[in-house]
Amino acid sequence: MNTPICDFVRKYADEKTLRLHMPGHKGNSALGLEHLDITEIKGADSLYTADGIIQESENNASAIFGCDTFYSTEGSSLCIRAMLYLVTLLAFERKQKPLIFASRNAHKTFLSSASLLDFDIEWFASDNDESYLSFSITADKLDSVLKNAIQKPTAVYVTSPDYLGNTLDIKGIAEVCHKYGVLLLVDNAHGAYLHFLEDSKHPISLGADMCCDSAHKTLPVLTGGAYLHISKNAPMLFLEQAKNALSLFGSTSPSYLILQSLDLANKYLADGYREKLSSFAVKIKSICDKLEKHGYELSGNEILKITVKTKKYGYTGIDLAEILRTKNIECEFSDPDYVVFMLTPEMNDSCLKVLEDAMLSIPRKDEIKSKPPVQRLPKKILSVREATFSPKETLDVKDCIGRVLAFSEVGCPPAVPIIISGEEIDENALECFTYYGIENCIVVKQ
C-alpha cells in the first residue's frame, strides 16, 4: 500500500527548499524531526478540504476498515464532537429536538459536546457495575428501554471497550437500535485494533453507524492520531457533512507529523498486522493464565489490556502501581481497585517477560475487603449546557452537599466524570468523591 503523505513530505524535505512559511523552526533540528514538520504548502493538500494526498491516504484507510474513514490529528475527542454534531444536524433536519441515550461512563468530551451542541441526554441506569468506569447494558435491556421510551432518541451512545477492558455486545445493541430506527454511536477509542482480529469485532463491522478510534492508543501512531468511521449504511448526511463537522471543532493547523503517522499506519496494517496481532494475543493470554494461577484476580475481556482487580491480592491499585514504578514499569491507569496495563504487538518478548516477572515477584498479602461505593443516579437540576455556562465557584467537596455541579474537572486518564454537570451533589456523590480522592468541586455559584 502506498504512503502519499509521507512520500510528499520526505521529497519536500530532501529538496532543501527555503521555507518562507510556517512552522517557525524552518525545518532545522532540535528534536530531530523538524524537517518532516510542514504546513499546508502547495501539494500538501488540506485536511478538511482534502482532494489530493490526504484524500488518497484517507481512501487507503477506508479500504482497510471497510467504511468511510477520516483522519483526526486531535484524537478521538475531535471525532466524538464531530459525531455528535452530525447526529444533532440530522435531528434538526428531521425537525426534532436532538436526544441521545448514553451510558454513564462516557468520556468528558461527550459532555463538552453537550455543552456546545445543547442536545438532551437520558442516561442509562447502571446494573451492578463495580466501577463508574464500566457500564454493562445488554441488547435485551436496551430493547426494553427503547420500547418503553416516551420519546425515541436520535442515537444511542456507548463506550466499548471501556477503560477497564470490558466490551459490550455491539452487534446485538446495533440490531436493537435499528429495530427502533435509532442510530448507534460507539466510542471505540481503545479498540482501533478490533477490526484486525480473525473475526472483526470493530463497531462498524458489528453494525454501528459511526465510531471513533484513537489510533495512537493501540496502533503504532503518534499521539493525537485518530479515525472517524462512518458506516456505509449510515444516513448520507453524515458522509456529506463529515469534513465540515471535523473542521467545526478542529484546528486549522493539523499536525503533518501525525498525518504521516496515520499514513504509514495504513501500510503497517495492510502488511501482516492481523497475523502479528493474533500471535501477540496468545502471548498475553499466557501471561494472564500465569497471573491468575499465582493468585491475581483479572477483569475484562479485551485482548490488549490486562486489568487486575488488586484488592484480592492484598493491594490497592494505587499501591501496586507504585511498587511497579520501583521496578521501572509504568502502568496505564490505577485507582483504589484496579491497575490497567495496555499492551500492543510493538512490545517484544523481553518486555512481556519484565512485566510477568515483576508481577510474580510481588508477595501476596491479606485480601482488602473494602469495596467501592455503589453509585446512584443523582438528581438533574440543570442541563449540561446551563450548568457549564453558569457562574461558578470551587469548593471543598465536604461543602458541596446540595450544590449543583457546574463543570466536570476530571483528568485523563480516565477522563470519565463521577457525576455530570447540572446534577445535584448528594451524600452518595460525596461518598464517591471521597473514595476516589476528589477534594474539590466546581459548582454553580449561588
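Bear in mind that the values here come from a model prediction, so they are computed numbers and not experimental data.

*Asks:* Got a minute to help me understand the overall build of the chain in this structure?
*Replies:* Scanning the chain from terminus to terminus reveals 14 helices and 14 strands. The C-alpha radius of gyration computed for the chain amounts to 23 Å, which stays within 12% of the reference 22 Å derived for 446 residues, consistent with globular compactness. Referenced to the eigenvectors of the C-alpha coordinate spread, the extents of the chain come out at roughly 65 × 60 × 45 Å. Classification of the 446 residues of the chain by burial places 55% in the buried group. Long-range contacts, defined here as pairs at least 24 residues apart, represent 71% of the contacts in the chain between residues at least 6 apart. Accessible surface, the chain as shown: approximately 19800 Å² in total, 51% of it carbon and sulfur. Separation between the mean location of the 47 positive side-chain charges and that of the 60 negative ones in the chain comes to 1 Å.

*Asks:* How do you make sense of the side chain of S57 when you look at a structure like this?
*Replies:* Counting through the fold element by element, S57 comes out in helix α2 (residues 53-65). Side chain to side chain, S57 and Y71 meet in a polar contact 2.6 Å long. Setting aside residues up to four positions removed in sequence, S57 forms contacts with P4, I5, Y71, D263 and N266.

*Asks:* Mind showing me how you'd approach helix α8 (residues 236-249) here?
*Replies:* Note on helix geometry: an α-helix contains 3.6 residues per turn, so any two residues three or four positions apart are oriented the same way. The first and last C-alpha atoms of α8 sit 21 Å apart over 14 residues, in line with the 20 Å expected at 1.5 Å per residue. At A242, α8 is bent by approximately 55°, the largest bend along its length. Contacts from the buried residues of α8 go to α2, β1 (68-72), α3 (75-93), β5 (183-187), β6 (210-213) and β7 (226-230).

*Asks:* Please clarify how the packing of aromatic side chains should be interpreted in this entry.
*Replies:* Think of a pair of aromatic rings as described by two things: how far the centres are apart, and how the planes are tilted against each other in angle. The final tally for this structure, using the stated rule, is 17 aromatic pairs. An angle of 5° between the planes, with centres 6.5 Å apart, marks the rings of F8 and Y12 as stacked. Here F8 and its partner Y12 are both found in helix α1 (residues 4-14), four residues apart, which amounts to about one turn of the helix. Y12 gets classed as buried once you look at its relative accessible area, which sits at 9%. Residues Y163 and F333 carry aromatic rings whose centres are separated by 5.5 Å and whose planes lie at 55° to one another, so their mutual orientation is tilted. Remark: F333 occurs in strand β10 (residues 333-334) and Y163 occurs in the loop between β4 (155-159) and α6 (170-179); sequence separation between them is 170 residues. Overall, the relative accessible area of 9% leaves Y163 in the buried class. Here the aromatic cluster, defined as three or more aromatic residues joined through ring pairs, consists of F65, Y71, F196, Y227, Y268 and Y273. For R104, the ring lying beneath its charged end belongs to W123, and the centroid distance is 5.2 Å.

*Asks:* Explain the sheet that holds strand β14 (residues 440-444) to me, please; I cannot follow it from the model alone.
*Replies:* What holds strands together in a sheet is hydrogen bonding between their backbones, with the strands either parallel or antiparallel. Taking strand neighbours across the sheet as the criterion, the three strands line up as β12-β14-β13 in an open arrangement whose pairing is antiparallel. Each of the sheet's edge strands pairs with one partner strand only, and the pair in question is β12 (392-396) and β13 (405-407). Across the sheet, the mean angle from the axis of one strand to that of its neighbour is 60°, orientation sign disregarded. In terms of strand pairing, β13 meets β14 through two bridges, oriented antiparallel. Within β14, the position partnered with F407 by the bridge is I442.

*Asks:* Please clarify how the side chain of K311 should be interpreted in this entry.
*Replies:* In this structure, K311 sits in the loop between β9 (305-309) and α11 (317-326). By relative accessible area, which is 8% here, K311 ends up buried. There is a polar contact of 3.0 Å between the side chain of K311 and the side chain of D337. Of the polar contacts made by the side chain of K311, one reaches the side chain of S370; its length is 3.0 Å. Aside from chain neighbours lying at most four places away, what touches K311 is P336, D337, E367, I368, S370, K371 and Y435.

*Asks:* What is the right way to read empty space enclosed by the protein from this model?
*Replies:* Left-over empty space is what a probe sized like a water molecule reveals as it rolls over the atoms. Summed over all chains, the structure comprises one cavity of 30 Å³ or more. As a volume, the largest cavity reaches approximately 110 Å³. L405, S408, E409, V410 and F433 are the residues nearest the centre of the largest cavity, which is lined by 13 residues in total. The set of elements that each furnish at least two residues to the lining of the largest cavity consists of β13 and β14. Considering each element in turn, the lining of the largest cavity owes the most residues, three residues, to β14. Taken together, the residues of the lining of the largest cavity break down into ten nonpolar, two polar and one charged.

*Asks:* Just to check I follow, could you spell out the state of the cysteines for this structure?
*Replies:* Applying the stated rule across the entire model yields zero disulfides. Left without a disulfide partner, C211 is nearest to the cysteine sulfur of C212, which lies 6.5 Å away. Counting only cysteine sulfurs, C400 is the nearest neighbor of C441, a cysteine outside any disulfide, at a range of 4.5 Å. Accessibility expressed as a relative area gives 5% for C441, which makes it buried.

*Asks:* What am I meant to see in the pattern of salt bridges here?
*Replies:* One pass over the structure, following the stated rule, counts 19 salt bridges. E302 is the partner of K305 in a salt bridge, and the nearest nitrogen-oxygen pair spans 2.9 Å. Here the two residues K305 and E302 agree in accessibility, since each one is buried. When the shortest N-O distance is used, the salt bridge between E330 and R325 registers 2.9 Å. Where salt bridges share partners, they join E322, R325 and E330 into one cluster.

Conventions adopted
Per-chain numbering applies: the sequence of each chain, read as written, is numbered from 1 onward. Only residues with pLDDT of 70 or above have their local features reported here, since the model is predicted, and side-chain atom pairs are shown and tallied only from 80 upward, although totals for entire chains, interfaces and linings are computed over all residues. Calculation of side-chain values draws on the structure's entire complement of heavy atoms; hydrogens and water are dropped beforehand. Only DSSP runs of H or I with at least four residues qualify as helices, and only runs of E with at least two residues qualify as strands; both kinds are numbered from the N terminus onward. Here the radius of gyration uses the C-alpha set of atoms, whereas the globule reference equals 2.2 Å times the residue count to the power 0.38. Only protein chains enter the accessibility calculation, which uses a 1.4 Å probe. A residue is then buried if its area is under 20% of the maximum for its type, exposed if over 50%, and partly exposed in between. The contact rule is simple, with two residues in contact once any of their heavy atoms fall within 4.5 Å. Here, Shrake-Rupley sampling with a 1.4 Å probe gives the accessible areas, and only protein chains in the shown set may cover a residue. In this tally Asp and Glu are treated as negative and Lys and Arg as positive; neither His nor the chain ends contributes. In plain terms, the charge of a residue is placed at NZ if it is Lys, CZ if Arg, CG if Asp and CD if Glu. Distance and chemistry together define a polar contact, namely a pair of N or O atoms within 3.5 Å, with one atom able to donate a hydrogen and the other to accept it when in protein, and with adjacent residues in sequence counting only for side-chain atoms on both sides. For a helix, the expected span equals 1.5 Å multiplied by the residue count minus one. The angle between axes fitted to the seven-residue stretch ending at a residue and the seven-residue stretch beginning at it gives the bend at that residue. Pairs were defined over the aromatic rings of Phe, Tyr and Trp, the Trp ring being its six-membered one, requiring ring centres within 6.5 Å. Orientation was assigned from the angle between planes: stacked under 30 degrees, edge-to-face over 60, tilted for the rest. Any Lys NZ or Arg CZ found within 6 Å of a ring centre and within 35 degrees of that ring's normal is scored as a charge over the ring. Strand pairing is defined by DSSP finding a minimum of two bridges between the two strands. Fitted lines through C-alpha atoms serve as axes, helices being fitted only where they are in contact, and the angles separating the N-to-C directions of these axes extend from 0 to 180 degrees. Of the grid points, spaced at 1 Å and generated over the protein atoms alone, those admitting a 1.4 Å probe that cannot get out make up cavities, while open sets with protein on both sides within 12 Å along at least five of seven lines make up pockets; any residue with an atom within 4 Å of a point is treated as lining. Grid points are joined across faces, edges and corners, and a volume is the space filled by probe spheres set on the points. Classification used: nonpolar for Ala, Val, Leu, Ile, Met, Phe, Trp, Tyr, Cys and Pro, charged for Asp, Glu, Lys and Arg, polar for all others including Gly. By definition, disulfides here are pairs of cysteine sulfur atoms that lie within 2.5 Å. Salt bridge, as applied in this entry: a Lys or Arg side-chain nitrogen positioned within 4 Å of an Asp or Glu carboxyl oxygen.

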